[in-house]
Each structure stands twice: as C-alpha cells, then as structure tokens.
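These are the residues of each chain, in order.
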Amino acid sequence: MYDVIVVGGGLAGLTTAIDLSRFGYDILVLESNPYPHHKVCGEYVSKEVAPYLKGLGIDLEAAGAVEISIFEMSTIDCKTVTAKLSLGGLGISRYAFENILFEKAKTQGVTFVFKKVTDVVYRNDSFQVICQDDMAYEARIVVGAYGKRSGLDKALNRDFMFKKHAWLAVKGHYRNQSFPENLVALHNFEGGYGGLSKTETGAVNFCYLTHYKSFKKHSGITDFNKNVVSKNRHLKEFLEESEPIFENPLSIAQISFEKKQPIVNHIMMCGDTAGLIHPLCGNGMAMAIHGAKLASTSIQKYLENTDFDRSAMEREYTTSWNTTFKKRLWAGRKLQHVLLHRKWMNVAVRTSLLSERLLTSVIAKTHGKPIPYD
Ligand SMILES: Cc1cc2nc3c(=O)[nH]c(=O)nc-3n(C[C@H](O)[C@H](O)[C@H](O)COP(=O)(O)OP(=O)(O)OC[C@H]3O[C@@H](n4cnc5c(N)ncnc54)[C@H](O)[C@@H]3O)c2cc1C
C-alpha cells in the first residue's frame with residue numbers, strides 16, 4: 001500500500017511527487033512513457049513557477065533555460081504588436097524540464113514504474129490502480145496527472161471523452177541563429193496560431209494549434225505549413241530561414257478545452273487532467289505546477305492529521321483549485337475566441353485597440369503571481 005500513487009509523470013505529476021516526497025511518504029509514479037521524451041508544447045514557462053521550484057531544489061536558469069522578456073503578437077493580416085513581459089518567462093524544452101524533475105524525484109526516493117494505467121477503483125477508503133498488464137497497485141491517495149486526454153478518462157466516464165474535439169497541435173525544433181533569445185512570439189493564421197521561442201539547446205521551438213476544419217483541407221503538415229501557416233509573413237520567413245531538427249514534427253489531435261472537475265471518484269485531478277487553459281496564454285505549465293502545490297498541501301494535511309478526513313481534503317482542494325484557476329481559464333477561453341475572429345481582430349487593429357497596453361492587461365489576466373515556496 002503506497003501513501004500516494006501519481007498517475008502520469010508530466011509536470012503536474014512529477015512536481016506533486018517531489019513536493020510530497022519531502023515528507024518521507026511512500027510514492028509511486030506510474031508513467032506510460034520513459035524519460036526523456038519530447039512533448040507537444042510551446043515550451044515557454046511563466047516565471048511565476050521559479051520561487052516554488054527553487055524551494056523544491058530545481059533551478060531552471062541554472063539548467064540553461066533562456067530568459068524571455070518580450071512578447072510579440074501578429075494578426076492573420078500581419079499587424080504586429082509587442083509588449084514587455086512584466087514577470088517574464090523561461091524557454092526550456094519539455095525533454096529537459098521533465099528529465100530534471102524525474103532525476104530530482106528519484107533522489108528523493110520516489111518509485112517509478114513505466115506502465116499505462118487503464119483504471120482506478122476506489123473501494124473501502126483506498127484505491128486500486130490497474131495497469132495495461134493487469135497488474136494492480138494500491139494506495140491511500142491517487143493523483144490523476146495524466147494530461148489532457150487518456151483512455152483512463154473513458155474508464156472514469158468523463159463527459160469530454162464521448163465527444164469529438166476539433167483542435168490539433170504540431171510542434172518541432174528548428175535551427176535559426178537570428179531568432180532573438182529574449183522573445184516569445186505568437187503569430188495568427190487562418191484557423192489557428194503558432195508560438196516561437198528559444199530553448200536551452202539554442203533550438204527554436206515552433207508549436208501551433210489549429211482547428212481541424214482548416215487542417216483537413218490539406219494533404220498533411222508540409223502542405224498546411226506552405227498554404228496556411230505561411231500566409232502569415234512572420235511564419236513564412238521563419239520556416240524559410242530555419243532548418244528542422246526533428247525528422248518529423250510531433251502532433252496531437254482531439255484537444256479539448258471543456259470544463260473538467262478537480263475531483264473525480266475521489267481522485268485528485270491535477271494539471272491538464274483538471275482543466276486545460278488555451279495554449280496562447282502560455283500558462284498551462286505554470287498551472288500544472290501550481291496545481292501540484294495545491295494538491296500536495298491538501299494531501300499532506302490529510303496524511304498527517306486524523307481530524308482532516310478525505311471529504312475535508314477534497315473540499316479544500318476543490319476550493320483552492322477553483323479560486324486559483326477558474327478566472328484564468330475563463331479569460332483564456334474568451335481570448336482565444338477573439339484572437340481567432342478575423343473581423344474582430346481587424347476592428348481592434350483599425351481602432352488601435354490592439355496595443356501594448358491591451359496585451360499587458362491580457363497577460364496579467366491569464367497569468368498568476370509568483371508561487372511562493374512554503
Ligand atoms: C499546442 C500547445 C502548446 C502549449 N504551449 C504552452 C506553453 O508555451 N507554455 C505553457 O505554460 N503551457 C503550454 N501548453 C500547455 C502545457 O503543455 C500543459 O498545460 C502541460 O503540459 C500540463 O502538464 P501535465 O503534467 O498536466 O500534463 P502532461 O505534460 O501531458 O503529462 C501527462 C503525463 O501522463 C502520461 N500519461 C497519460 N496517460 C497515462 C496513463 N493512462 N497511464 C500512465 N501515464 C499516462 C503521459 O505520458 C504524460 O507524460 C501548451 C499546450 C498545447 C496543446
């Protein structure tokens with residue numbers, strides 16, 4: 001019987017495991033994909049995570065993450081606005097980031113098993129976690145940190161798994177010497193947008209999100225890049241001047257931005273498993289890490305204190321999750337709606353509404369404050 005089983009070892013799961021293992025609990029992480037591995041992501045992480053991660057003994061800057069301080073945005077028609085990022089961010093690949101957290105968790109005694117989880121059953125105040133090979137593991141607490149979408153969501157009967165979702169994403173690393181190190185850029189194209197920023201290796205990460213309706217008219221990624229993405233002059237120039245590092249870009253489909261619940265069948269959902277903010281906000285990683293802190297705080301209270309029972313833990317986590325993230329998710333939804341609306345964007349440009357001031361205020365609404373370590 002483990003104290004805690006974490007299903008999924010992405011940023012949310014690994015941070016939860018590191019935070020809770022400081023207290024000597026017996027923790028198992030079940031992850032389907034051995035480290036290190038690349039992931040579809042913009043790889044811009046808001047600096048709000050820095051104080052908390054440093055407290056846990058993780059220094060991304062020391063690991064080579066690049067400092068990002070300028071945000072540039074362009075509309076489909078290539079009107080461009082830039083703004084200074086007040087808190088700033090860091091550019092680091094998921095390949096490196098998760099491997100750093102994995103190594104840290106191992107040194108703190110966390111057990112890792114690389115298997116896919118297919119079901120989680122809650123019975124008699126404890127859990128059975130069942131894997132693809134039918135092996136079952138037991139725990140007092142289960143944290144669900146398995147990302148946006150997994151077969152496990154179907155086993156748990158979560159609504160969004162029974163619907164089709166229209167978004168897909170593509171990501172690759174590129175060699176491009178002239179791309180500025182301190183810049184994160186977000187460029188729109190018909191039906192989607194793409195982000196550019198540098199990582200710790202010097203490679204530029206190019207990651208885009210697009211509506212399937214727009215993508216399906218083309219024969220594949222190369223054709224789509226040429227005929228849709230490259231309609232934005234900034235992206236055209238980037239693709240023409242850069243050399244791809246990956247043999248093939250990575251892609252994922254069926255991305256859902258629907259509302260989810262932070263507790264399902266007594267499982268503490270964390271990171272994208274509890275709710276995914278629109279990628280254009282550049283805040284999903286910070287939310288996954290902050291969510292891990294909230295979950296760890298309530299779990300630690302439960303494991304230490306017999307007066308703080310499971311329902312108190314679940315109530316506290318739900319409240320803190322909603323207070324911390326609900327408004328940010330709402331702002332992200334609204335923002336995506338406006339950004340992908342060509343007419344509204346044109347009006348915003350014509351009336352000078354799309355300005356540095358507006359961008360700064362939007363960034364503030366979709367980001368959090370520095371997460372303290374306590
Ligand atoms: C196109 C795109 C661009 C983005 N760009 C940015 C950005 O620039 N900045 C930012 O802050 N956020 C960005 N995000 C959001 C960010 O990527 C996520 O919010 C973040 O990855 C969430 O981390 P997580 O730990 O919750 O999930 P994940 O990182 O997805 O981790 C989940 C883990 O669970 C494992 N897993 C899944 N199912 C199972 C199973 N059944 N059993 C065992 N293991 C399982 C997976 O292998 C994975 O390692 C972007 C998202 C998208 C879609």
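Remember, it's a predicted structure, so these values are computed and weren't measured experimentally.

S.K.: What should I look at first to understand the overall build of the protein in this one?
M.R.: The number of helices and strands found in the protein is eleven helices and 17 strands. Here the C-alpha radius of gyration of the protein, 21 Å, is about what a compact globule of 374 residues would show, namely 21 Å. In terms of principal-axis extent, the alpha carbons of the protein reach across some 60 × 40 × 35 Å. Sorting the 374 residues of the protein into buried and exposed places 55% on the buried side.

S.K.: Help me understand the site of the ligand in this model?
M.R.: Around the ligand sit 31 residues, and of these Glu-31, Gly-42, Tyr-44, Arg-94 and Asp-272 come closest. At 3.3 Å, a backbone N or O of Glu-43 approaches an oxygen atom of the ligand. Between a nitrogen atom of the ligand and a main-chain N or O atom of Tyr-44, the distance comes to 2.7 Å. The protein chains hide 93% of the 1000 Å² of surface that the ligand would expose on its own. Those elements giving two or more residues to the shell around the ligand turn out to be helix 1 (11–21), strand 2 (27–31), helix 3 (94–107) and helix 8 (284–304). The element contributing the most residues to the shell around the ligand is helix 8, with three residues. Taken together, the residues that form the shell around the ligand break down as 13 nonpolar, ten polar and eight charged.

S.K.: What am I meant to see in helix 8 here?
M.R.: Each α-helix winds once per 3.6 residues, and so residues spaced three or four apart point in a common direction. Taking 1.5 Å per residue as the helical rise, helix 8 with its 21 residues ought to reach 30 Å, and the 30 Å between its terminal C-alpha atoms agrees with that figure. Of all 21 residues in helix 8, 16 are buried, a share of seventy percent or more.

S.K.: What is the right way to look at the side chain of Arg-328 in this model?
M.R.: By the secondary structure assignment, Arg-328 is in helix 9 (residues 310–339). Setting aside chain neighbours within four positions, we find Arg-328 in contact with Glu-48, Ile-277, Asn-283, Met-287, His-290, Lys-365, Thr-366, His-367 and Gly-368.

Rules behind the numbers
Throughout this document, residue positions are counted from 1 along each chain, in the order its sequence is written. The predicted origin of the model limits local features to residues at a pLDDT of at least 70 and limits the giving and counting of side-chain atom pairs to 80 or more, whereas totals for whole chains, interfaces and linings rest on all residues. Only hydrogens and water are set aside; all other atoms, that is, all heavy atoms of the structure, feed into the side-chain values. Numbering goes from the N terminus for both helices and strands, where a helix is a DSSP run of H or I of at least four residues and a strand is a run of E of at least two. In this setup the radius of gyration rests on C-alpha atoms only. A globule is expected at 2.2 Å times the number of residues raised to 0.38. Between buried and exposed lies partly exposed: a residue is buried under 20% and exposed over 50% of the maximum accessible area for its type, with that area taken using a 1.4 Å probe on protein chains only. Nearness of a residue to a molecule or strand requires only that one of the residue's heavy atoms be within 4 Å of it. In the analysis that follows, any N or O atom pair within 3.5 Å is treated as a polar contact, provided that within protein one partner can donate a hydrogen and the other can accept it, and provided that, for residues neighboring in sequence, both atoms belong to side chains. To measure how exposed things are, a 1.4 Å probe is used in the Shrake-Rupley method; for residues, cover is taken only from the protein chains shown. Each residue gets one of three labels, nonpolar for Ala, Val, Leu, Ile, Met, Phe, Trp, Tyr, Cys and Pro, charged for Asp, Glu, Lys and Arg, and polar for the others, Gly among them. A helix is expected to span 1.5 Å for every residue after the first. Only heavy atoms matter for contacts: two residues are in contact if any of them lie within 4.5 Å across the pair.

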